[in-house]
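Structure at a glance
Given next are the chains, with one letter for each unit.
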Number of protein chains: 4
Amino acid sequence: MIGTNVLRPGFVQLRVLELESALTHYRDRVGLTEVSRETDGRVYLKAYDEFDRHSIVLREADAPGMDFMGFKVINDVALSEYGVALRKRGLEVTEIDAGEQPGMGRRLAFVAPSGHRFDLYADIELSEYGPMVNNPDVWREDPRGMRAIRFDHCLLYGDEIDATKEIFMDVLGFRLSEIGYDPDGQKIINFLTCSNKAHDIAFVPYPEKNKFHHCAFLVEDWKDIGHAADLMSRYDVPVDIGPTRHGATRGYTIYFFDPSGNRNEVFAGGYTYYSDSPLRTWTGDELGKNIFYYEKELNERFLTVVT
Amino acid sequence: MIGTNVLRPGFVQLRVLELESALTHYRDRVGLTEVSRETDGRVYLKAYDEFDRHSIVLREADAPGMDFMGFKVINDVALSEYGVALRKRGLEVTEIDAGEQPGMGRRLAFVAPSGHRFDLYADIELSEYGPMVNNPDVWREDPRGMRAIRFDHCLLYGDEIDATKEIFMDVLGFRLSEIGYDPDGQKIINFLTCSNKAHDIAFVPYPEKNKFHHCAFLVEDWKDIGHAADLMSRYDVPVDIGPTRHGATRGYTIYFFDPSGNRNEVFAGGYTYYSDSPLRTWTGDELGKNIFYYEKELNERFLTVVT
Amino acid sequence: MIGTNVLRPGFVQLRVLELESALTHYRDRVGLTEVSRETDGRVYLKAYDEFDRHSIVLREADAPGMDFMGFKVINDVALSEYGVALRKRGLEVTEIDAGEQPGMGRRLAFVAPSGHRFDLYADIELSEYGPMVNNPDVWREDPRGMRAIRFDHCLLYGDEIDATKEIFMDVLGFRLSEIGYDPDGQKIINFLTCSNKAHDIAFVPYPEKNKFHHCAFLVEDWKDIGHAADLMSRYDVPVDIGPTRHGATRGYTIYFFDPSGNRNEVFAGGYTYYSDSPLRTWTGDELGKNIFYYEKELNERFLTVVT
Amino acid sequence: MIGTNVLRPGFVQLRVLELESALTHYRDRVGLTEVSRETDGRVYLKAYDEFDRHSIVLREADAPGMDFMGFKVINDVALSEYGVALRKRGLEVTEIDAGEQPGMGRRLAFVAPSGHRFDLYADIELSEYGPMVNNPDVWREDPRGMRAIRFDHCLLYGDEIDATKEIFMDVLGFRLSEIGYDPDGQKIINFLTCSNKAHDIAFVPYPEKNKFHHCAFLVEDWKDIGHAADLMSRYDVPVDIGPTRHGATRGYTIYFFDPSGNRNEVFAGGYTYYSDSPLRTWTGDELGKNIFYYEKELNERFLTVVT
């Protein structure tokens, strides 16, 4: 079978400089639900349409950025198999005990060549605030703030992005949906998917390892992208770029920053990917259109500001 | 691995009473592209965002309805394995030669307990009118008519729908995403998916085997559902119900008929399904809301008119 | 000059059977702001994008319906002139003292041949919750509930609707934008406007005088019509019909009832009317399409249930 | 009566360097209908939802820009009165014969202090391609290209914009809906309206007289702004800025250029203006947000490139 046992990006743990302003941002502006604050200071949040207990973890620290990103796999057997396969590939795999995050089972962590830590896990409690399942209404409560539906994907900056891509493809069974080059003919981006989404994770080359470009939240459509932009202007959320559209993935988008400088995206649309979809390729002369389909040019900030 | 090697509903072959009026409907109203007319009289069409050569096949006949529905599987090995597994399950499997539909490889056909014929296949030519892959624009030409993105799913009426469901689940690896009951406590609908879509096929019990309720085309959003409704009023396309929303799947919808009486749907939205998503269930007292979330009641025509 | 000195529908005073459930409806579902509760029991509300102090007045009573509807005119001189002109036309005009509604100046009240009471007024306090005017954000707070922008218009049922129309046109300077006939060739509706809107008030013939069909709230677009429908299903707000579209006015619409049985509408779109726009006319054979462009048929409830 | 007898911006005559490429732009991209090409070389176009014969006039010339902009007034008596009032104000008024543009009655032309020529007229033939009036469908044909609904307004650059504003207000009865200042405390923009629209014309100070910033076409909503952006990227229509939103007027917008360098806008939304609406004011420190609500900063091109 040519598939993957990875279900989806399940959570991301972010470092923030100050917890209260971060909560105002992710809860009141993005519209997430605060699930719990734990004794170690970490705060857990989730989007309204996610079944799992949490998807965003905030940790107060001296510098912003991503601690690690978690992928949920289909079951514990698959989790163990991934551990074996990663070690066979020469990667060091660390087992994180169940309960290190509340409600979550054991995790297997590895550091990709790009310098980013990824955690795999099979078990997490279902949330009592998840989607309804018995005579389900379309939502329990009218979505608030930017009306984020779910944590969707991350874009990460680091070196050795092709080596990292190969691990995601060869070991985890991801597919390469789309790639782009810069005007010098260098690979500038790899889009990888483990689902019917155009991307579940993407990597951009950068001289430093383990940098975080953004985490993205899905919203319903272009109207909700505009609504998110209204909120950002009203509440002085710093915008990077948008509302606009990506050439790659075709997603509607707006990029903005949390109070600690971590970049966020709200995202809608994007094509449906199947494993027989041809690879989409962007040449360097169309780099601007690749990233920002309407502007057809990159802004410097998008290329250089990472946490 | 707990997955499926079925990629998606790939095509449906429909019987129409009169070819020219059917073409006006599917090409000019729904917005499909006419791919070819073959010497045996069949006409092949596709939606603009599909890579494969065709997805809708029209055949002139004395009575409307569905000849068969095709599912594309990931490769020829998987196709053969499905053939073995179906036979092992006791089903008769017929091999259809490559080229029986232009551009398509060999197919394996079986008749489900519901009386419907399904064809599996692994190979079909890519269309020259498919999505762009080199510096791809979001579309080649501004979508026309109802702006149908792709052939999305079918809803079929027949008996033995639970036996049929089990074949789709046990043999083909589909998942059951959502079910509903009628006020008498009888199962009224099974939604089955082989992807991240809320459904790729659905079955409703009916005293007669092999009946066709509708085939659905995906459109971008609720705005395009309204636009499709404008077109239907302008061009006197008979509407069954809508624009409205489904409780089940959450999809935005409008149902209408082609000139031969085959029901079509344009559809947008719908939740993202993962294999760990809990089963959603609708009790009989909420049957109306299950099917039509806004009206909260069924119309008789929806329940009884099939081809 | 061929114009009118009537600015717009300014408010409507409605009778409700029970105040608290009415407030839940208009405040939490429709999304209005509660402005004040006065000692006489009346409650005043407004939509977020209205400058004036209030636009909806609720009065607890034994039977639902409309007490009267108010139109704001450009200034007190014009108000007096309208008083003179109405009396000259043979209508009895009653002066209501300033302050009878809080923050409102004197009103001139008359009863039209249809049996409905209309109040004209020139002065009302500006709300502190009105749109911002200094470096104005698009809204002060993210619109809630159905995101009603403003009180938009009323549709009233009564007899002598052509005589009423003539008073609105001859004395108040309204324009007739659109008319419709029933299959018997009887006038079924007059749409009247004092602005660039397709209608500010409309009248349908009915054997009884002074009946209230609905008051409408503007929402931004078709998406917000769908969102309102989601709210109605989630919170069991009884729906009459919709989401759908009107042939007449082209407005997107959904009709629903407050807990006392008064019909409401949320409305979006509609053409821009100018005083040189030709009269639009609907013949009786297209009555269904006139009222409900998508269904092309009336529902009995829409024709007969009034308060 | 405190009103105006000016109905709306009726047409604009633009100079283009090359007629065929201009037609491709305005007809195939913007989606206007070509009405006629006359022997003097001028080409007349209209948007699908306009009753009048034409609204855009293209004239081949050596330099791009605006020849003049026409406002339709309510009748010939009002036209004559405006002529008298303009002359009384000290302006030179030139009578243009009926038929100088096909289907159009006599025009009165004057040059405002800003250097721009404006024509007033009362009569123009109705188009056979205008909106339907008998059992009217929402459109005759599915709108094409950017789906422009109507010619909406112009923004003009010139000197003496306050003197110009006063003529529009004192003589023509326009209202000032919104103003903005630059960081030096200088008036940067006057928005003027003769209707319920947030603006029908706007003026920005510029050292040179008679410069054209843009003409705007209305589209239905934010979705159609995005669709217009898709078209611009697909067909290499040069974009100035957007999709974005204005703080002033609240309109959703995207600015782009015709092949001759004339700037166009597609525009949706914007608040409803009434003559009792308070003046909205933007201080200099919020100039960026005034013009581009999402970006909160101006781009140099928007300020300096005019034709």
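Cut-offs applied
Residues numbered from 1 in each chain as written. Chains lettered and ligands numbered in written order. Predicted model: local features only at pLDDT ≥ 70, side-chain atom pairs only at ≥ 80, totals over all residues. Heavy atoms only, no water. Pairing = 2+ DSSP bridges. Helix = DSSP H or I, 4+ residues; strand = E, 2+ residues; numbered from the N terminus. Axes fitted to C-alpha atoms, helices over the stretch in contact; angles between N-to-C directions. Contact = heavy atoms within 4.5 Å. Least-squares fit on C-alpha atoms with pLDDT ≥ 70 in both. Phe/Tyr/Trp six-rings, centres within 6.5 Å; stacked < 30°, edge-to-face > 60°. Buried < 20%, exposed > 50% of the residue type's maximum accessible area, 1.4 Å probe, protein only. Lys NZ or Arg CZ within 6 Å of the ring centre and 35° of its normal. Salt bridge = Lys/Arg side-chain N within 4 Å of Asp/Glu carboxyl O. Buried area = accessible area lost by both parts, 1.4 Å probe. pLDDT = per-residue confidence, 0-100. Parallel < 35°, antiparallel > 145°, perpendicular 65-115°, else oblique. Nonpolar A, V, L, I, M, F, W, Y, C, P; charged D, E, K, R; others polar. Polar contact = N/O pair within 3.5 Å; in protein donor to acceptor, adjacent residues only side chain to side chain.

Our focus in this paragraph is the sheet that holds strand E11 (residues 187-193) of chain C. All names here are of chain C. With mixed pairing, the nine strands of this open sheet are ordered in space as E14-E15-E16-E13-E9-E12-E11-E10-E17. A strand with exactly one partner marks an edge of an open sheet, and here the two such strands are strand E14 (239-245) and strand E17 (280-282). Each strand axis lies, on average, 20 degrees off the axis of its neighbour in the sheet, ignoring direction. Of the strand pairs in this sheet, E14 and strand E15 (residues 251-257) are connected by four bridges, and their pairing is antiparallel. Across the sheet, the residue bridging to Ile 241 is Tyr 255, located in E15. Sitting on the sheet, helix H3 (residues 161-171) is in contact with strand E9 (150-158), strand E10 (175-181), E11 and strand E12 (201-205), with an inclination near 15 degrees to E11.

With that out of the way, let us pick up the relation of the copies chain C and chain B. What relates the two chain copies is a rotation about an axis together with a slide along it. Rotating chain C by 180 degrees about the axis while translating it 0.0 Å along that axis superimposes it on chain B, leaving an RMSD of 0.0 Å. Accordingly, the operation relating the two chain copies is best matched by a two-fold axis. Looking at the interface residues of chain C, 100% of them are also at the interface in chain B, so both copies use one shared face.

The next point concerns the packing of aromatic side chains. For the structure on display, the rule yields 74 aromatic pairs over all chains. Ring geometry for Tyr 255 of chain A and Phe 292 of chain A: centres 6.4 Å apart, planes at 75 degrees, overall edge-to-face. On the criterion of sequence distance, the pair formed by Tyr 255 of chain A in strand E15 (residues 251-257) and Phe 292 of chain A in the loop between helix H5 (287-291) and helix H6 (300-304) is long-range, its members being 37 residues apart. Phe 292 of chain A carries the same exposure label as Tyr 255 of chain A, and that label is buried. Ring plane angle 80 degrees and centroid distance 6.1 Å describe the contact between Phe 118 of chain B and Phe 203 of chain B, whose orientation is recorded as edge-to-face. Of this pair, Phe 118 of chain B sits in strand E8 (residues 117-121) while Phe 203 of chain B sits in strand E12 (residues 201-205), placing them 85 residues apart in sequence. We classify Phe 118 of chain B as buried; its relative accessible area is 0%. One aromatic cluster in this structure is built from Trp 222, Tyr 252, Tyr 293 and Tyr 294 of chain A together with Trp 222, Tyr 252, Tyr 293 and Tyr 294 of chain D. Cation over ring: Arg 117 of chain A sits above Phe 68 of chain A, and NZ or CZ is 3.8 Å from the ring centre.

Residues and elements named next belong to chain D. Among the structural elements, Asn 299 can be located in the loop between helix H5 (287-291) and helix H6 (300-304). On the basis of relative accessible area, Asn 299 is assigned to the buried category, the value being 17%. With sequence-adjacent residues up to four places away left out, Asn 299 is seen in contact with Asp 240, Ile 241 and Phe 292.

Let us now look at the interface of chain B and chain A. Each side of the interface is counted separately: chain B has 45 residues, and chain A has 45 residues. Our count for the contact surface shared by chain B and chain A stands at eight salt bridges. Between Arg 250 of chain B and Asp 49 of chain A there is a salt bridge; the shortest N-O distance is 2.7 Å. Within the residue set of the side of chain B that touches chain A, elements represented by two or more residues are strand E1 (6-16) and strand E17 (280-282) of chain B.

What follows covers the interface of chain C and chain B. One frequent convention defines the size of an interface as the accessible area lost when the parts assemble. Across the contact, 19 residues belong to chain C and 19 residues belong to chain B. In this assembly, chain C packs against chain B so that about 1,500 Å² is buried in total across both faces, 46% of it on carbon and sulfur atoms. Considering only the surface of chain C that becomes buried against chain B, Trp 222, Ser 233 and Tyr 294 of chain C emerge as the three largest contributors, covering 40% of it. Linking chain C with chain B are four salt bridges, by the criterion used here.

A few words on the confidence of the model for chain A. Overall, the predicted model of chain A reaches an average pLDDT of 97, with 99% of residues at or above 70. The ipTM value of the predicted complex is 0.96, and its pTM value is 0.97.

Moving on to the relation of the copies chain B and chain A. Screw-axis analysis of chain B against chain A gives a translation of 0.0 Å along the axis, an RMSD of 0.0 Å, and a rotation angle of 180 degrees. Both copies present the same face, since 100% of the interface residues in chain B are matched by interface residues at the equivalent positions in chain A.

Here we come to the packing of helix H4 (residues 222-234) of chain B against helix H4 (residues 222-234) of chain C. Two elements in contact, H4 of chain B and H4 of chain C, have axes whose closest approach is 9 Å; the angle formed by their N-to-C orientations is 105 degrees. Here H4 of chain C runs roughly perpendicular to H4 of chain B, going by the angle between their axes. When H4 of chain B is examined against H4 of chain C, the residues Trp 222, Lys 223 and Gly 226 of chain B are found in contact with a partner set consisting of Trp 222, Lys 223 and Gly 226 of chain C. Residues that form the contact of H4 of chain B with H4 of chain C fall into these classes: two nonpolar, two polar and two charged.

Glancing now at the sheet that holds strand E10 (residues 175-181) of chain B. All names here are of chain B. Strands sit in the order E14-E15-E16-E13-E9-E12-E11-E10-E17 across an open sheet of nine strands; the sheet is mixed. On the outer flanks of this sheet lie strand E14 (239-245) and E17, each paired with one strand and no other. Ignoring which end each strand starts from, the neighbouring axes of this sheet average 20 degrees apart.

With that settled, consider the environment of Ile 201 of chain A. Residue and element names in this part refer to chain A. Looking at where Ile 201 falls in the secondary structure, it is placed in strand E12 (residues 201-205). In this structure, the C-alpha to C-alpha distance between Ile 201 and Ser 80, residues 121 residues apart in sequence, is 22 Å. Those residues in contact with Ile 201, other than ones at most four positions away along the chain, are Met 69, Phe 71, Phe 118, His 153, Cys 154, Leu 156, Phe 168, Phe 174, Asn 190, Phe 191 and Leu 192.

Attention shifts here to the side chain of Lys 72 of chain D. Relative to the assigned elements, Lys 72 of chain D resides in strand E5 (residues 65-73). With a relative accessible area of 6%, Lys 72 of chain D lands in the buried category. Among the polar contacts made by the side chain of Lys 72 of chain D, one reaches the side chain of Asp 276 of chain C at a distance of 2.6 Å.

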